[in-house]
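Take a look at the letters that make up each chain.
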Amino acid sequence: MTYTDDIAFTFERGAYADHNTPLVRNAWYVAGLAKEISRDIIARRFLGVDVALYRTLAGEPIAVRNRCPHRSFPLAKGRLEGDTLVCGYHGMAFDPSGRCTNMPSMPIVPANANVRSFPLAERGPLVWIWMGNPDLADESLIPDTSWLNDPAWASVGGSFAMDCDYVSMHENLLDQTHFPFLHPGTVGTAAYARSKLKVRQDGNVVIIDRSLKNSPPPGIYGIPAKIMHKDVDRLSEARFASPAIHTAFAQIIDHAPDEGKPSVYRFNITHLITPESNGRIHYWWFNSRDFAHDDAEINQFMYDASTKAYLEDVDALEAILKVVQTDIEPQFDLNFAPDKPGLMMRSVLYKLAAEEAGYVSL
């Protein structure tokens, strides 16, 4: 059965999300790092909407539409007077809720001269934004990233802007068979790509469990732990947790640790994805570990190795989207057994998009 929504997208029963599927709006996405949002107004685009971000004098992060309702002048080009955002074109003033409090050219402020504000929530190093129906902005739905603010973990991180759709990015993160080929020097080993995986789904969360025993570790784990000369057990759980986040939790088990060294090393990898549009995303990443918290050399290695791997993803995914958008001859992409997690994720995103469009029987 085929449906058509208000923006002329056709939903089909049993289909999967791709670069053309409407973006899921009713979800918490990362607006930026907490340290990025300050008294200096910044502009970002999320899900096709331009947003201005700043902090009040009390430090509360604020997000409003970056478009004055009078002549569409970008409000991020204005200025702050206390907690009031003043448009740089005609001087209209807006409080943090988006209500217009002053219009210099008129004695009475029109009741409809307001800008949309967006729910924000600050959690550790991240500020989350809700771009959908504000009545559904339940903060209990914000994905858990508590390890990023936990002194038991040391983290390095970075960010990219990518010409890529968020569906392909999530699929890439769930596709562990590409690791030894796209990331041979950091993440991937041939044995890991061949290891058996178990896939499960918990509601809208897709989870991969994988184990590889008695095998050399990849460099991203083995070098900081100083165990590249050993065979170890590697246990991992990767999950598509929401449209905005993919997490991976790894344990490296050394059954014969050197004196004074731990037998278990834990790593948490956090991928945060906020679509700017169907063809461009904001992407933040963190690589966290539970050992050697103050080791600057390990921090630098993990930052460099992670950056190298993720730049390889950037190059691959941008190349894929370019082919998909410009090659005029249709192609049915083949899917194989290891692609099951990605197909499950694409099914979830498709269902969520269809439900937002009003089609609940897909």
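Here, every reference points to the structure presented above.
Residues numbered from 1 in each chain as written. Predicted model: local features only at pLDDT ≥ 70, side-chain atom pairs only at ≥ 80, totals over all residues. Heavy atoms only, no water.

Novice: Now, about unusual backbone geometry: what can you tell me, with residues and values included?
Specialist: The phi dihedral of Ser 72 is positive, around 65°, even though this residue is not glycine. When you line up the elements, Ser 72 lands in the loop between strand S6 (61-65) and strand S7 (79-81). Of note in this structure, Lys 226 is not a glycine but carries a positive phi near 60°. On the secondary structure map, Lys 226 appears in the loop between helix H4 (219-225) and strand S16 (232-242). Taking the relative accessible area as the measure of exposure, Lys 226 reaches 49% and is therefore partly exposed. (Helix = DSSP H or I, 4+ residues; strand = E, 2+ residues; numbered from the N terminus. Buried < 20%, exposed > 50% of the residue type's maximum accessible area, 1.4 Å probe, protein only.)

Novice: Requested: an account of helix H1 (residues 166-174), with residues and values cited.
Specialist: The element H1 is largely enclosed, with a buried count of eight among its nine residues. All of the buried residues in H1 are Tyr 166, Val 167, Ser 168, Met 169, His 170, Asn 172, Leu 173 and Leu 174.

Novice: Can you explain the sheet that holds strand S18 (residues 264-277)? Please cite residues and give values.
Specialist: Judged by pairing direction, the sheet is antiparallel, and its seven strands sit side by side in the order S13-S19-S18-S17-S16-S15-S14 without closing on themselves. Taken across any chain shown, the strands that pair with only one partner, and hence form the sheet edges, are strand S13 (154-162) and strand S14 (197-202). Neighbour-to-neighbour, the strand axes of the sheet open up by a mean angle of 15°, direction not taken into account. As judged from the nine bridges shared by strand S17 (residues 245-253) and S18, these two strands associate in the antiparallel manner. Within the sheet, the bridge partner assigned to Ile 253 lies in S18 and is Val 264. Relative to S13, helix H5 (residues 296-326) is tilted by about 25°, and along the sheet it contacts S13, S18 and strand S19 (280-289). (Pairing = 2+ DSSP bridges. Axes fitted to C-alpha atoms, helices over the stretch in contact; angles between N-to-C directions. Contact = heavy atoms within 4.5 Å.)

Novice: Describe in detail the pattern of salt bridges, supporting the description with residues and values.
Specialist: As enumerated under the stated definition, the model contains 17 salt bridges in all. Where Glu 36 meets Arg 44, a salt bridge forms, and the shortest distance between an N and an O atom there is 2.7 Å. According to the relative accessible area criterion, Glu 36 is partly exposed, its value standing at 26%. In this structure, Arg 239 engages Glu 237 in a salt bridge whose closest nitrogen and oxygen atoms are separated by 2.8 Å. (Salt bridge = Lys/Arg side-chain N within 4 Å of Asp/Glu carboxyl O.)

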